Amino acid sequence: MWHRKIVPHRLLALVVSVVAPMASQPPDANYDESKVPAYRLPDPLQFENGRPVTTWRMWIEKRRPELLKVFETNVYGHSPAPPSDPVYTLISDDLALNGTARRKQVKVQFSRGNPASMTILLYLPAHAEGRVPVFVGLNFQGNQTVQSDPGILLSTAWVDSGPGVVNHRSTEASRGSESSSWPVPLIVSSGYAVATVYDGDIAPDHANNEKEGAFALFAKPGSPGTDDARAPDEWGTIAAWAWGLSRIADYLETDAAIDKFRMIVIGHSRLGKAALWAGAQDTRFAAVISNDSGEGGAAIARRKFGERTTHLNIVFPHWYARNYRKYNDKEEDLPIDSNELLSLIAPRPLYVASASEDLWADPKGEFLGALGADPVYRLFGGDGLAVKEMPAIEQPVFSTIGYHLRRGKHAITEYDWTQYLTWASMHLRGEPLGIPVAAPRK
């Protein structure tokens, strides 16, 4: 049972981690709008010293770097610079999906001489003329779950649980188990590539993982590798996944089939949190999509609705910097909120999506997070979010900040992808929006 007065935190983390996702929602979670406390959002267009941000140049050169440091110190932790000597090895390059796609698999060794690596699964339109834009995202249970394609390498990494997982290892029965979340035929037929990596290649999703995956590259000698041994502002797993998304971008910049100026980072749920942080830091991502990312992602923390900071830090102590724990049950003391995280993506296109039955992720809070980023987009002369009130179910908004509320539960579905494809095709035309972010869009 969840109750902070009678359940020790360590016991709570153990209990919640071994039961179904719905059971991880504490019975005292608030789903009542009348119980949302009064709050005041931090102003992204105000420096820490109170001075206003009045021009897009002030935002790019001064305020944006200031905000990034606040998020690094208090939420995600400071991520290390990438190694300078990655090794890319092409494993396979074959026709797939009845000849409509090319399927490439590439091993990325993060640093020559260190075994830590990840495997990119990349599907491209088979008959594209010229370079193609690409969606970049992580998957939850191994590349082989994305499609039932027998040519996809079976992941040998640790997996928490799921269809076809036995003793934390994937079996052949796991193939295609997440294909409904990755409608690859729809994506490639729309003229886009899609690149994905198993999140566990980068950092396994369990506590005390600081000597595994990419963390092993930077582990301190003698460190026990536990969450509590991390420095207060040291990176956690969300930041590691974001770091890994940027390492996928490093490879894609070298692939002659990919339009490196039109890389779109996308993520669902906890991987939506990682996608937002990757997009906030790495402006090579021309657009950013958050699907049901909830607390610690697009949702306003100060609403104290659904998932809370306390839940994140107790049940998933490896996700965020230890400093983030200071705000357990005290979200009003946070020096930032999600509106400022989303503002860091400006002026690049941003899409936030929610699901009507996914109250745990706080759909209204996600919409308000997007709305709270609107002033920064307006500073660049763009349209920001075209609506001020939360739209009805399945009435998508395709402005520079896009939004929709899908009918249903916590998931990423073909409906969601259809909206993303429509929106991306509207906003990734014309001049590239990758590095550098130097001027307002025309």
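Quick caveat: nothing in here was measured; it's all calculated off a predicted structure.

Points about the nonpolar core
Move 1: Counting residues in each nonpolar core, the largest one holds 90 residues, and the members touching the most others are Ile 248 and Leu 252.
Move 2: Looking at this core element by element, the count peaks at eleven residues for helix α6 (residues 237–252).
Move 3: Setting aside residues no more than four positions away along its own chain, Leu 252 makes contact with Leu 122, Val 134, Val 136, Ala 195, Ile 258 and Met 263.
Move 4: Grouped together as the second largest cluster of nonpolar side chains are 27 residues, Ala 101, Ile 152, Tyr 192 and Ile 266 included.

A look at the pattern of salt bridges
Move 1: Across all of its chains, the model carries 29 salt bridges by this definition.
Move 2: The salt bridge partner of Arg 270 is Asp 205, with a shortest N-O separation of 2.5 Å. Of this pair, Arg 270 sits in helix α7 (residues 270–281) while Asp 205 sits in the loop between α4 (199–202) and α5 (215–218), and the two are 65 residues apart along the sequence.
Move 3: Put simply, Asp 416 and Arg 406 hold a salt bridge, and the shortest N to O gap is 2.9 Å. Taken together, the residues span a long stretch of sequence, with Asp 416 in helix α11 (residues 414–427) and Arg 406 in strand β11 (residues 401–406) at a distance of ten residues. By the burial criterion, Asp 416 is buried, and Arg 406 matches it.
Move 4: One salt-bridge network, held together by shared partners, links Arg 247, Asp 250, Glu 253, Asp 282 and Arg 284.

Considering the confidence of the model for the protein chain
Move 1: Per-residue confidence for the protein chain averages 91 on the pLDDT scale, and 92% of its residues sit at or above 70.
Move 2: Contacts of residues 1–23 to residues separated by more than four positions or lying in other chains number 19 contacts, the stretch itself having pLDDT below 50.
Move 3: Across residues 433–442 the pLDDT falls below 50, and counting only partners more than four positions away or on other chains, this stretch makes 27 contacts in the model.

What about the packing of α6 against α7?
Move 1: Relative to each other, α6 and α7 sit at 60°, their axes nearing to 8 Å. As far as their axial angle goes, α7 and α6 are oblique. In this structure, α6 crosses over α7, and the sense of that crossing is right-handed. Of α7, the residues touching α6 (which contributes Ile 238, Ala 239, Trp 241, Ala 242 and Leu 245) are Arg 270, Leu 271, Lys 273, Ala 274, Ala 275, Trp 277, Ala 278 and Gln 281.
Move 2: Tallied by class, residues from the contact of α6 with α7 come to ten nonpolar, one polar and two charged.

Some remarks on the sheet that holds strand β7 (residues 193–198)
Move 1: Taken in spatial order, the nine strands line up as β1-β2-β3-β7-β4-β8-β9-β10-β11 in an open sheet, and their pairing is mixed. Each edge of the open sheet carries a strand with a single partner, namely β1 (87–96) and β11. For this sheet the average axis-to-axis angle between neighbouring strands, irrespective of direction, equals 20°.

Some words on the side chain of Ser 92
Move 1: Considering the arrangement of structural elements, one finds Ser 92 in strand β1.
Move 2: Ser 92 gets classed as buried once you look at its relative accessible area, which sits at 14%.
Move 3: Polar side-chain contacts of Ser 92 include one of 3.0 Å to the side chain of Gln 105.
Move 4: Apart from residues lying up to four places away in sequence, Ser 92 is in contact with Arg 103, Lys 104 and Gln 105.

Structural notes on the packing of aromatic side chains
Move 1: Applying the stated criterion to the full structure yields 22 aromatic pairs.
Move 2: Pairing Trp 235 with Trp 243 gives two aromatic rings, centres 5.9 Å apart and planes at 70°, and the pair type is edge-to-face.
Move 3: An aromatic cluster is present here, built from Phe 71, Tyr 76, Trp 277, Phe 316, Trp 319, Tyr 320 and Tyr 324 joined pairwise through their rings.
Move 4: The ring of Trp 243 has Arg 247 lying over it, and the distance from NZ or CZ to the ring centre is 5.0 Å.
Move 5: Over the ring of Phe 305 we find Arg 303, and its NZ or CZ is 5.1 Å from the ring centre.

Calculation rules
Residues numbered from 1 in each chain as written. Predicted model: local features only at pLDDT ≥ 70, side-chain atom pairs only at ≥ 80, totals over all residues. Heavy atoms only, no water. Core = buried A, V, L, I, M, F, W, Y, C linked by side-chain atoms within 4.5 Å. Buried < 20%, exposed > 50% of the residue type's maximum accessible area, 1.4 Å probe, protein only. Helix = DSSP H or I, 4+ residues; strand = E, 2+ residues; numbered from the N terminus. Contact = heavy atoms within 4.5 Å. Salt bridge = Lys/Arg side-chain N within 4 Å of Asp/Glu carboxyl O. pLDDT = per-residue confidence, 0-100. Axes fitted to C-alpha atoms, helices over the stretch in contact; angles between N-to-C directions. Parallel < 35°, antiparallel > 145°, perpendicular 65-115°, else oblique. Left-handed = near helix turned anticlockwise from the far one by under 90°. Nonpolar A, V, L, I, M, F, W, Y, C, P; charged D, E, K, R; others polar. Pairing = 2+ DSSP bridges. Polar contact = N/O pair within 3.5 Å; in protein donor to acceptor, adjacent residues only side chain to side chain. Phe/Tyr/Trp six-rings, centres within 6.5 Å; stacked < 30°, edge-to-face > 60°. Lys NZ or Arg CZ within 6 Å of the ring centre and 35° of its normal.

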